[in-house]
Protein chains: 2
Amino acid sequence: MKHSEHRAFSCNKGGHQICIAEAVQVAESLCRQRKQRFTSIRRRVLELVWHQHKPIGAYQVLEALQQEGRAAPPTVYRALDFLQQMGLVHRIASLNAYVGCAHPGAPHDGQFLICESCKALAELDAAEISNAIEQSADRSGFKPHRQTVEIMGLCPRCR
Amino acid sequence: MKHSEHRAFSCNKGGHQICIAEAVQVAESLCRQRKQRFTSIRRRVLELVWHQHKPIGAYQVLEALQQEGRAAPPTVYRALDFLQQMGLVHRIASLNAYVGCAHPGAPHDGQFLICESCKALAELDAAEISNAIEQSADRSGFKPHRQTVEIMGLCPRCR
DNA sequence: ATGATAATGTTATATTATAACGTTTCAATT
DNA sequence: AATTGAAACGTTATAATATAACATTATCAT
Ligand SMILES: [Zn+2]
Ligand SMILES: [Zn+2]
Ligand SMILES: [Zn+2]
Ligand SMILES: [Zn+2]
């Protein structure tokens, strides 16, 4: 089991640098496979997104970049868009924020548990939920294509 | 069965004024029960939200209000906030837009099917989905409190 | 009528995101 | 190595969504 395949909410005690390193490695590998350029900006944005197991806002990323040189919003949004398209980052619609994908490789939507107290986030890919959605949608004659599932509540540490 | 208790996506063929009228009646009744003021602005915003079975943006509501007199963003956002708190309107996070609640009475989160083609929206309150979420969350030691479930896809008419 | 509370008006500003266009970088081909 | 076409990036401006702060008005309970 790779470090990045940890269970939800299990990486809150530090030693987190390895998450970042792994995310970057996986990203490099995937981009090479798909003949996409993993530029230094894209790498840096991915690192910043992974810097915490919490969603981060685009303008927080921007601030961090600006510590290291000039940067403007499009720089950040372009990198985030790229990383999303590569399935390396998810956007959390209910927070207008971004988080590293816990299961990169194949693009997917995922489901997110977000702690209202400490803001920690865990990504699920629960077939149980997707199936329930699929079946309920079917019953309405609706053909699902993309799902946004964001659950606010209390994480194990805060409940 | 009241008109507002129609099945998902079944009210697309006009005769929709009755939805608005019913939504207003229910709102009046609920506000009276709860000793909240159903002011003319709140009523007008609710009507505008119900004017289509599609999510509407806050600034679209604002434009409509401005046809009828002066209005500024806070007016709209206050009314929308009130209507949300009363469980009469839902905010669709993935669209930054608002839609009338199909099952007003008790506050709830609901689940939304949104057509990517015609933008029609249907609200579900599927225990099947909520249960799947509840169980998956439990397995992570997470205590769910509020859910955002927004499914993009194709409605029966567009698929 | 009086005072307290809630709602609204008004102005300004914060926050999130994209448009438009010129320049640079990079890799493939010659 | 030079050419060149596409992709990425820099830069400026602006769009779109949402809230802060404070003055004014309406409503309700006494
Ligand atoms: Zn993921
Ligand atoms: Zn927590
Ligand atoms: Zn509802
Ligand atoms: Zn449709």
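Here the structure is shown first, and the text comes after it.
Every value quoted in this text rests on a predicted model; they were computed, and no experiment measured them.

1. As for the coordination of the zinc ion (ligand 2)
Residue and element names in this part refer to chain A.
- Protein coordination of the zinc ion (ligand 2) is provided by Cys 115 (SG), Cys 118 (SG), Cys 155 (SG) and Cys 158 (SG), with donor distances spanning 2.2 to 2.3 Å.
- Each of the 4 donor atoms around the zinc ion (ligand 2) contributes to a set of angles spanning 106 to 111°, which defines the coordination as tetrahedral.
- Here the donor residues of the zinc ion (ligand 2) are spaced in sequence according to C-x2-C-x36-C-x2-C.

2. Topic: the interface of chain B and chain A
- In this assembly, 37 residues from chain B lie in contact with 37 residues from chain A.
- Put simply, Arg 139 of chain B and Glu 128 of chain A hold a salt bridge, and the shortest N to O gap is 3.0 Å.
- For the pair chain B and chain A, the interface holds 16 residue pairs in polar contact (both at pLDDT 80 or more).
- Elements supplying a minimum of two residues to the side of chain B that touches chain A: β3 (111–115), α5 (127–139) and β5 (143–154) of chain B.
- Per-element accounting of the side of chain B that touches chain A gives the leading share, 12 residues, to β5 of chain B.
- Looking at the side of chain B that touches chain A, its residues break down into 20 nonpolar, 9 polar and 8 charged.
- In the sheet, strand β5 (residues 143–154) of chain A pairs with β5 of chain B via 11 bridges, with the strands oriented antiparallel. Counterpart to Thr 148 of chain A in the pairing with β5 of chain B is Glu 150 of chain B.

3. Focus on the protein's contact with DNA strand C
- Around DNA strand C, the surrounding shell holds 18 residues, and the nearest of these are Tyr 59, Tyr 77 and Arg 91 of chain A together with Thr 39 and Arg 78 of chain B.
- Each atom of DNA strand C within 4 Å of the protein was assigned to sugar, phosphate or base; sugar and phosphate come to 55%.
- The separation between a phosphate oxygen of DNA strand C and a polar side-chain atom of Tyr 77 of chain A is 3.0 Å.
- One of the side-chain N or O atoms of Arg 78 of chain B is found 2.5 Å from a base oxygen in DNA strand C.
- Here the surface near DNA strand C gets 4 residues from one element, more than from any other, and that element is helix α4 (residues 73–85) of chain A.
- The residue inventory of the surface near DNA strand C, partitioned by class, reads 8 nonpolar, 3 polar and 7 charged.

4. Here we look at the sheet that holds β5 of chain A
- With respect to topology, 6 strands assemble into an open sheet ordered β4(A)-β3(A)-β5(A)-β5(B)-β3(B)-β4(B), the strand pairing being mixed. On the outer flanks of this sheet lie β4 (121–124) of chain A together with β4 (121–124) of chain B, each paired with one strand and no other. Adjacent strand axes in the sheet meet at a mean angle of 15° when their direction is disregarded.
- When β3 of chain B meets β4 of chain B, the two strands line up antiparallel, connected through 4 bridges. Bridging across to β4 of chain B, Ile 114 of chain B finds its partner in Leu 121 of chain B.
- Against the sheet, helix α5 (residues 127–139) of chain A contacts β3 (111–115), β4 and β5 of chain A together with β3, β4 and β5 of chain B, and its axis sits at roughly 130° relative to β5 of chain A.
- Of the strands in this sheet, β3, β4 and β5 of chain A together with β3 and β5 of chain B touch α5 of chain B, which is tilted by about 130° from β5 of chain B.

5. Some remarks on unusual backbone geometry
Residue and element names in this part refer to chain A.
- Although it is not a glycine, Lys 35 adopts a positive phi angle of roughly 55°.
- Tracing the backbone shows Lys 35 in the loop between α1 (17–33) and α2 (40–50).
- A residue is classified by how much of its surface remains accessible, and Lys 35, at 75% relative accessible area, is exposed.

6. Considerations on the protein's contact with DNA strand D
- Lining the immediate surroundings of DNA strand D are 18 residues, of which Thr 39 and Arg 78 of chain A together with Tyr 59, Tyr 77 and Arg 91 of chain B lie closest.
- Near the protein, within 4 Å, the atoms of DNA strand D are sugar or phosphate in 53% of cases.
- With respect to DNA strand D, the side chain of Tyr 59 of chain B contributes an N or O atom lying 2.6 Å from a base nitrogen.
- Listing elements by their share of the surface near DNA strand D, those giving two or more residues are α2 and α4 of chain A together with α4 (73–85) of chain B.
- Looking at the surface near DNA strand D element by element, the count peaks at 4 residues for α4 of chain B.
- Taken together, the residues of the surface near DNA strand D break down into 8 nonpolar, 3 polar and 7 charged.

7. A look at the pairing of strand β1 (residues 89–92) of chain B
Residue and element names in this part refer to chain B.
- Summarising the sheet, β1 and strand β2 (residues 97–100) pair through 4 bridges and their orientation is antiparallel. The partner of Ile 92 across the bridge, within β2, is Ala 97.
- If you look at the hairpin formed by β1 and β2, you'll find 4 residues sitting between the two strands, and Asn 96 has a positive phi there, around 45°.

8. Notes on the coordination of the zinc ion (ligand 3)
All names here are of chain B.
- Binding of the zinc ion (ligand 3) to the protein goes through His 90 (NE2), Cys 101 (SG), His 108 (NE2), Glu 123 (OE) and Glu 123 (OE), at separations of 1.9 to 2.8 Å.
- Mapped onto the polypeptide sequence, the residues donating to the zinc ion (ligand 3) form the spacing pattern H-x10-C-x6-H-x14-E. Pair noted here: Cys 101 is in the loop between β2 and β3 and Glu 123 is in strand β4, with a separation of 22 residues, a long-range link. There is no split in this pair, since Cys 101 and Glu 123 are both buried.

9. Concerning the packing of aromatic side chains
- With the rule as written, the count across this model stands at 4 aromatic pairs over all chains.
- Taking 5.7 Å as the distance between ring centres and 0° as the angle between the ring planes, the aromatic pair formed by Phe 142 of chain A and Phe 9 of chain B counts as stacked. With Phe 142 of chain A in the loop between α5 and β5 and Phe 9 of chain B in the segment before α1 (17–33), this residue pair bridges two chains. This pair shows no difference in class: Phe 142 of chain A is buried, exactly as Phe 9 of chain B is.
- A centroid spacing of 6.3 Å and a plane angle of 65° characterise the contact between Tyr 59 of chain B and Tyr 77 of chain B, whose relative ring orientation is edge-to-face. Of the two residues, Tyr 59 of chain B is situated in helix α3 (residues 58–67) and Tyr 77 of chain B in helix α4; the sequence distance between them amounts to 18 residues.

Each value, and the rule that gives it
Residues numbered from 1 in each chain as written. Chains lettered and ligands numbered in written order. Predicted model: local features only at pLDDT ≥ 70, side-chain atom pairs only at ≥ 80, totals over all residues. Heavy atoms only, no water. Donors = N, O, S within 2.8 Å, 3.2 Å for Na, K, Ca; no water. Tetrahedral: all angles 85-135°; square planar, octahedral: opposite > 155°, others 65-115°. Contact = heavy atoms within 4.5 Å. Salt bridge = Lys/Arg side-chain N within 4 Å of Asp/Glu carboxyl O. Polar contact = N/O pair within 3.5 Å; in protein donor to acceptor, adjacent residues only side chain to side chain. Helix = DSSP H or I, 4+ residues; strand = E, 2+ residues; numbered from the N terminus. Nonpolar A, V, L, I, M, F, W, Y, C, P; charged D, E, K, R; others polar. Pairing = 2+ DSSP bridges. Near = heavy atom within 4 Å. Axes fitted to C-alpha atoms, helices over the stretch in contact; angles between N-to-C directions. Buried < 20%, exposed > 50% of the residue type's maximum accessible area, 1.4 Å probe, protein only. Phe/Tyr/Trp six-rings, centres within 6.5 Å; stacked < 30°, edge-to-face > 60°.

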